[in-house]
Amino acid sequence: MRVAIPFDLSRDVVRERLKSRSHEIADHIPGGMAQVATDWPSEDRMNLTISTMGQSLRGTVDIEESQLVFEIALPPALGFLEPMISGAIRQQGQKLLT
């Protein structure tokens, strides 16, 4: 699943906001029972590991010139949730940048 979130900020500002607020990602996942681990393998890429409902999902967030790109590998059993998850990422991703 790929979700792009446009922004009008500099990459430096976006990077700083993501790094300083990445601990809040779990708070934005419905159900309130998720655990999120992040790491930064490069300046413009954040890796995510999301554990919730007995599932472990891996993904990345790439900071591009004018958008954040979330890519999360959903297992086939959760594929039917893609529209709901992508909508939540769009909404909550904007909040992480403000």
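None of the values given here were measured: they were computed from a predicted structure.

(A) Seen up close, the sheet that holds strand S1 (residues 2–6). As summarised here, the arrangement of the five strands in space is S1-S5-S4-S3-S2, forming an open sheet in which the pairing is antiparallel. On the outer flanks of this sheet lie S1 and strand S2 (35–42), each paired with one strand and no other. The average angle at which neighbouring strand axes cross in this sheet is 20°, direction not considered. Helix H1 (residues 11–21) rests against S2, strand S3 (45–52), strand S4 (55–63) and strand S5 (67–72) of the sheet, and its axis sits at about 155° to S4. Strands S1 and S5 of the sheet are contacted by helix H2 (residues 82–97), whose axis makes an angle of about 35° with S1.

(B) Expanded view of the packing of aromatic side chains. Per the counting criterion, the structure on display carries zero aromatic pairs. In this structure, Lys19 is placed above the aromatic ring of Trp40, and the distance from its NZ or CZ to the ring centre is 5.0 Å.

(C) Just the packing of H1 against H2, in detail. Where H1 contacts H2, the two axes come as close as 8 Å, and the packing angle between them is 100°. Overall, the two elements H1 and H2 adopt an arrangement that is roughly perpendicular. Residues Val14, Arg17 and Arg21 of H1 lie in contact with H2, whose contacting residues are Lys95, Leu96 and Leu97. Partitioned by chemical class, the residues of the contact of H1 with H2 number three nonpolar, no polar and three charged.

Rules used throughout
Residues numbered from 1 in each chain as written. Predicted model: local features only at pLDDT ≥ 70, side-chain atom pairs only at ≥ 80, totals over all residues. Heavy atoms only, no water. Pairing = 2+ DSSP bridges. Helix = DSSP H or I, 4+ residues; strand = E, 2+ residues; numbered from the N terminus. Axes fitted to C-alpha atoms, helices over the stretch in contact; angles between N-to-C directions. Contact = heavy atoms within 4.5 Å. Phe/Tyr/Trp six-rings, centres within 6.5 Å; stacked < 30°, edge-to-face > 60°. Lys NZ or Arg CZ within 6 Å of the ring centre and 35° of its normal. Parallel < 35°, antiparallel > 145°, perpendicular 65-115°, else oblique. Nonpolar A, V, L, I, M, F, W, Y, C, P; charged D, E, K, R; others polar.

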